[in-house]
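Listed below, chain by chain, are the residues.
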Amino acid sequence: MPESATQQVLDVRAGLAHALGAAQSALDTARDRHLAAVERRNRVAAAAEAQKVRLAVERDTRLRDIDHQHHDDLAALAGAAADAGRRGAPGAAGAPWSSWAPTPGVGAAEVRVGRLLLPYEGEVPALVPLLDRGHVVVRGDAAASDEVVAGLLLRALGTTAPGTVRLTGYDPEQLGGGLAGFAGLATAGVLTFAGPGALGALLDELVDHVRRINETVLAGEHPSLGALADATGRRPEPWRVAVLLGGGHGDELSRKERGHLDRLLRTGAACGVHLVLRGVAVPQPPAGVEVIDAARDGTARLSGCGDLPVRLDEGPPPALVTATSRRIAEQVAAGPRPVALDTLLPDEEWREHSATGLSAPLGDGPHGTPVTVTLSDYPPHALIAGPSGTGKTNLIYAWIGALAARYSPAELAFYLLDFKEGVSFARFAPGRRDPSWLPHVRLVGVNVNTDREFGLALLRFLGAELRRRADAAKRHEVTNLAELRAEDPDGHWPRIVAVVDEFQVLLAGRDALAAEAVDLLEDLARRGRSQGIHLILASQDVSGIEALWGRPALVAQFSLRIALPRARRVLAETNPAADALPRFHAVVNADSGALEANRVVRVPAAGDREQWSALQHRLWRRRPPELSAPRLFDGDVVPRLADSPDFARLAPAPTVPAPVVLLGETIDVAARSARTVLRRAPGRNLAVLGTRVDEACAVLGTAARALAAQYPPGAARFSVACLDPDATAAVDALRPHLPEDSGWYGPDSVGWLLDDAAEAADADLAAVRPHFLFLYAVDAAPGGARTAERLRRILRQGPERRIHVLGWWRGAALLRETLGGQGSRTDAIGAWVALDVHGSELAPYYPGAGAPVWYPRPWRALHFDRSVHRGAEVIIPYGAP
Ligand SMILES: Nc1ncnc2c1ncn2[C@@H]1O[C@H](COP(=O)(O)OP(=O)(O)OP(=O)(O)O)[C@@H](O)[C@H]1O
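No experiment lies behind these values; they were computed from the predicted model shown. (Residues numbered from 1 in each chain as written. Predicted model: local features only at pLDDT ≥ 70, side-chain atom pairs only at ≥ 80, totals over all residues. Heavy atoms only, no water.)

## Here's the deal with helix α20 (residues 812–819)
Because an α-helix packs 3.6 residues into every turn, residues spaced three or four apart end up facing the same way.
And then number 1: Of all the residues in α20, the buried ones are Ala 812, Leu 815, Arg 816, Thr 818 and Leu 819. Down the axis of α20, the buried set is contained in an arc of 160°. They therefore lie on one face. In α20, those exposed residues whose orientation departs by more than 90 degrees from the buried face are Ala 813 and Glu 817.
And then number 2: Those residues of α20 that are buried lie in contact with β24 (686–689), α19 (784–797) and β28 (803–809).
And then number 3: Phi turns positive one or two residues past the end of α20, at Gly 820, with a value near 120°. (Buried < 20%, exposed > 50% of the residue type's maximum accessible area, 1.4 Å probe, protein only. Helix = DSSP H or I, 4+ residues; strand = E, 2+ residues; numbered from the N terminus. Arc of directions from axis to C-beta. Contact = heavy atoms within 4.5 Å.)

## Here's the deal with the UniProt feature "binding site: ATP" (unreviewed entry) in the protein chain
And then number 1: Feature annotation in UniProt assigns "binding site: ATP" (unreviewed entry) to the following positions: Gly 386, Pro 387, Ser 388, Gly 389, Thr 390, Gly 391, Lys 392 and Thr 393.
And then number 2: Within the secondary structure, Gly 386 is located in the loop between β13 (382–385) and α7 (392–406).
And then number 3: Discounting chain neighbours no more than four positions away, the residues touching Gly 386 are Lys 392, Ser 539, Gln 540, Leu 564 and Ala 567.
And then number 4: Looking at the element boundaries, Gly 389 is found in the loop between β13 and α7.
And then number 5: Assessed through its relative accessible area of 65%, Gly 389 is described here as exposed. (UniProt positions renumbered as here; feature names shortened; annotations may be inferred.)

## Concerning the site of the ligand
And then number 1: Ser 388, Gly 389, Thr 393, Asn 394 and Val 603 are the nearest of the 16 residues found near the ligand.
And then number 2: Taking Gly 391, its main chain carries an N or O atom lying 3.0 Å from an oxygen atom of the ligand.
And then number 3: Contact distances for the ligand include 2.5 Å between a nitrogen atom and a backbone N or O atom of Val 603.
And then number 4: Of the residues belonging to the shell around the ligand, the class tally is six nonpolar, seven polar and three charged. (Near = heavy atom within 4 Å. Polar contact = N/O pair within 3.5 Å; in protein donor to acceptor, adjacent residues only side chain to side chain. Nonpolar A, V, L, I, M, F, W, Y, C, P; charged D, E, K, R; others polar.)

## Observations concerning the packing of aromatic side chains
And then number 1: Enumeration according to the criterion identifies 14 aromatic pairs in this entry.
And then number 2: Aromatic pair Trp 97 and Trp 100: ring centres 5.7 Å apart, planes at 55°, arrangement tilted.
And then number 3: For Trp 100, a relative accessible area of 6% puts it in the buried group.
And then number 4: When the ring of Tyr 846 is compared with that of Phe 864, the centres are 4.9 Å apart and the planes differ by 55°; the resulting orientation is tilted. Taken together, the residues span a long stretch of sequence, with Tyr 846 in the loop between β29 (831–834) and β30 (861–865) and Phe 864 in strand β30 at a distance of 18 residues. Pair check on accessibility: Tyr 846 and Phe 864 agree, each one buried.
And then number 5: Put simply, the rings of Tyr 397, Phe 425, Phe 428 and Trp 612 pair up and form one aromatic cluster.
And then number 6: Over the aromatic face of Trp 97 sits the side chain of Arg 155, whose NZ or CZ is 4.1 Å from the ring centroid. (Phe/Tyr/Trp six-rings, centres within 6.5 Å; stacked < 30°, edge-to-face > 60°. Lys NZ or Arg CZ within 6 Å of the ring centre and 35° of its normal.)

## A closer look at the side chain of Glu 290
And then number 1: With respect to the element layout, Glu 290 can be found in strand β8 (residues 289–294).
And then number 2: Of the buried charged residues, Glu 290 lacks a salt bridge, with Arg 133 as the closest side chain of opposite charge at 8.6 Å.
And then number 3: Leaving out residues up to four positions away in the same chain, Glu 290 has contacts with Val 128, Pro 129, His 135, Val 136, Val 137, Leu 302, Ser 303, Gly 304 and Cys 305. (Lys, Arg positive; Asp, Glu negative; His and termini not counted. Salt bridge = Lys/Arg side-chain N within 4 Å of Asp/Glu carboxyl O.)

## Concerning the pattern of salt bridges
And then number 1: One pass over the structure, following the stated rule, counts 51 salt bridges.
And then number 2: With a shortest N-O distance of 3.1 Å, Asp 132 and Arg 235 are connected by a salt bridge. Within this pair, whereas Asp 132 is found in the loop between β2 (125–129) and β3 (135–140), its partner Arg 235 is found in the loop between α4 (225–232) and β6 (239–245), the two being separated by 103 residues in sequence.
And then number 3: For Asp 132, a relative accessible area of 27% translates into the label partly exposed.
And then number 4: Counted as one network, the salt bridges with shared partners bring together Arg 112, Arg 115, Glu 123, Arg 155 and Asp 313.

## Remarks on empty space enclosed by the protein
And then number 1: Counted under the stated rule, the structure contains three cavities of 30 Å³ or more.
And then number 2: Of the pockets and cavities examined, the largest cavity occupies roughly 50 Å³.
And then number 3: Contributing to the lining of the largest cavity are Trp 97, Arg 112, Val 113, Glu 147, Val 148, Gly 151, Leu 152, Asp 313 and Glu 314.
And then number 4: Of all elements in the fold, only β1 (110–116) and α2 (142–158) reach the threshold of two or more residues within the lining of the largest cavity.
And then number 5: Considering each element in turn, the lining of the largest cavity owes the most residues, four residues, to α2.
And then number 6: Its residues placed into classes, the lining of the largest cavity shows four nonpolar, one polar and four charged.
And then number 7: When residues in the lining of the second largest cavity are grouped by element, the largest group, four residues, is from α7.
And then number 8: Looking at the lining of the second largest cavity residue by residue, the class counts come to nine nonpolar, no polar and no charged. (1 Å grid on protein atoms, 1.4 Å probe; cavity = no way out; pocket = protein on both sides within 12 Å on 5 of 7 lines; lining within 4 Å. Points joined across faces, edges and corners; volume = space filled by probe spheres on them.)

## Here's the deal with the sheet that holds strand β4 (residues 165–170)
And then number 1: Within the open sheet, the 10 strands sit side by side as β2-β1-β10-β9-β8-β3-β7-β6-β4-β5. Their pairing is mixed. Both outer strands of the open sheet, β2 and β5 (191–194), are each paired with one neighbouring strand and no more. Recorded for the sheet is a direction-independent mean angle of 30° between the axes of neighbouring strands. (Pairing = 2+ DSSP bridges. Axes fitted to C-alpha atoms, helices over the stretch in contact; angles between N-to-C directions.)

Structure follows, in C-alpha cells:
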C-alpha cells in the first residue's frame, strides 16, 4: 500500500498537479482573453468617442457653413435691393437730408421714405412710387405722417425742373398750416390752396384735367404722359400733385367726391395727376397706390414692402423746405431757360423761294414741333403786341433770323425802324465794333422816336416801291408778285418786310404827319399784299392806338396777330390766351386773333449777341458782291457833310446857272441833302432863323461850302460878315473852305460890304460873277435904319443881279424888321431854315393862311423853299466835318 498509497498519492499529486497546471493554464488563457477583450472594448470605446467628437465638429462646420451661406445670400439680396433703391431714387429722390440738394431732371421713378429694417449692416432704402407712377396714402400717427408727406413733396420737387410739379393743398384742419414750409411756392403759383369747402371743386378740376390730357394731349397716341415724354423728349404738361390732408374722419367725402377720388386714383398717374392723401380714408386702395402705415415709434409698414418693417426717415429740416421752396419759386418766376436761336435755322441756308410767301418757324409748340409763321397774300401783315420786357424785340430778332437764314437777299429785303429809345436794330447795320451787316437789310432806323418824319419817309418810300411794282405788274399784265416774278425772271423783286417797332409813336398825335402816315399805311396794307410788301407793326400796347382802331379796314389787313404774355387787344376780345402765357412764349394767330386759331409758341433767345453774330457773319460772308451796306439812320448821330452823296457830286463847272445850296440832311430813306437853288431870280435868298448859334453856323457853313465847291477859283465872289462874337469860331473854321479872295467882315466893316452890294443891286446889269453874302447875325449889324434899307435893297433886287444873301437872323421878328416891319412883303425870302422858332412865327414866310407845324427840337431845323415845296421839311444840320 505504502507503495500504492504513495503511488496513489503520487498519482493523485501528479493528477492534481496536472489538473492545477491545466487550470492555471486555462486561467491564464482566460486572463489573457479578458485582457484582450478589455483592451478591445477600450479601443472600441475610444473609437466611438473620437467619432462623436468628429461628428460634432462636422456638424458645427456644417452649421457654420449654412450660416455663412445664409448671411451671404441675404447680403447679396439686400445689396441688390440697396442698389436698386439708389438707382430708383437717385439724387434728390433718395439722398439723406444732411446732404440733400435739388437735382432737377434726374427723373426719379420712386422717392425714399425710410429704410427697411433688415439684419444687415448696409442700408436698404424704402421707396414709394410717385411721379408718373402712383399715389401715396399715409395713415397712422399724425406727426410721423406729416413728416412723410413733407419728405415726399420735397423729394418730388427736388427731382424735377422748377415749375414742372404743381402742388395743390387741401388742408381744412390746419388751413394750410400742414404745408406751411412750402408756402414760398405759392408766390410763383407752384403751390395753390383749395379752401375748406373746395374739395369738390378741386376734385372736379383734377378729373377735368385728366380728361383733357387724355383727349387732347395723349389723344390715343401715347398711353401716358411719361411715355409721351420718353418718346418725344418733351413733357408738355406739368405734374399735378394734390395733397389732401383730411382730419381722419371717414365721413368727409360725399359720394360724388369719393367717386372722383377713386377715378383719380385709378387713372390720374398716366396723366401726371397724383394724390398724396393723409387722413383721408381709402378703403380699398387700387393697384398703384402705396399705403404707408406710420407708427408712433417711427417704424412703418409699406404696402409695397410686404411684411418687412420700415424705419421712416425723419422729416426734412424746415429750413431746407423753406429755402428750397423759395429757390424754386424764384426760378419759376424767372421763367424757363431759353431755347437756342439755332433751333430756328434750316439745315441749308438760302434755299427757299419767296414767290408765293415767306415762311419760317418762330419757335416750338407744346409738343416740340416747330410753329411756322407765313406772310403771303393771306395773312399779309402782322401786328405784334407785348408789354415792355415780354420779349417783343427778341421775337422780332428771332423771326428776322429765321427768315434771313432761309431766303437769300434776292428773295427778301428788310426795312427796319425802331421808335424805341435805344438802338435795338443797330446790330443789323455795320457798326464800329462789328463791320458786318445782315445782307437782307436795306434800311435801319434807330433812335427815331423824336423823328417821326423818318417813319413817314419809310412809308413814302414803300409807297413808291408799291407803285413801281404795280406799274411793272401792269406792264407784264399780271396781278401779283408770284406772277410778276414768273413773267420777269430777271427782275429784282424780293419780298419786302418792313418792321416798325413801337409804331404807335408814329401814329400818336392828331397832326398832319400822323394822318398822312395812317393813309399811307392803309394803302400799303391794302395793296402791299399782292405786291409782296409786308408790314410788321409792333407795339407795347396796341390797345391805345386810336389811329388804328378808328380804321377797322386798316386793322383787318393785319390778320397775323402775335401776342406776347399779357398783351392786350391784339387778339380777339373773347380770346384771353395771352393772359396765361408763360414767359418767352407767344400766341401766334393767323386769323385776326380768333380763339380757334391760337398757336402757342416758345420763342428762342435771339437777343444774345454772340448767337446772333455767328448767324449774321455767316450770311454776311455769303452776301452777293454787288450788295451795299444798309442805310443806317440814327437819330442820335449828327450827319457829316463829308458823307453826303449830294455834296460829293458837287464839282466846279465853267458856268453854274443854278447854284445849289446844301443845308443839312433830309429825314428820308436815301440820305439826301436838303437843298435850295439860288437861280438868278427874285427872292433867291436864304434866311436862317433862330437863336441857336451852332446850328445856324452849321447851316450857313454847309451852304457856303456847297457853293464854293461848284465854282472854279475866281468864278464867284464870297463875302462873310460875322456880327456875333459867338459865331467867330465857326466863321474862322470856314475860311479854308472858301476861295482865297473871299472877303471877311466884322461889325466895323460890314457897312462897306452892304454899301457895295446895295449899289450893285441897283445897277442896271447883273454882276459878271455871282456874289454870295453870308451874314452871321444880320440883326446885329450896326447902322440902324440905313443898314436895314440897304439890306432890303440887296434882298429885293440882288438876286436878279446874281447877288444873294444867305443870312442868319436871330428871330423871325428880327427878319421882319429888316424887311420893313409888320405888313411888309416877305417874298424876298424865297427859302428859309427855322431853328428855335415856333411854327406860328413862320406864318408870314409861309404861303397860304396857316403856319407850318413846327416844335423846335435840338439839332433839327425846318426848311422851306417857296419855289419847290408844298410844305416845309425837317432837316438835320451837318455837324463838324
Ligand atoms: N425767348 C427768350 N428767351 C430768352 N430770353 C428772352 C427771350 N425773349 C426775351 N428775352 C430776354 O428778355 C429781355 C426782354 O426782352 P425784349 O427786349 O425782347 O423785350 P421787349 O418786349 O422788346 O421789351 P422792351 O419793349 O422793353 O424792349 C431781354 O433781356 C431778352 O434777352
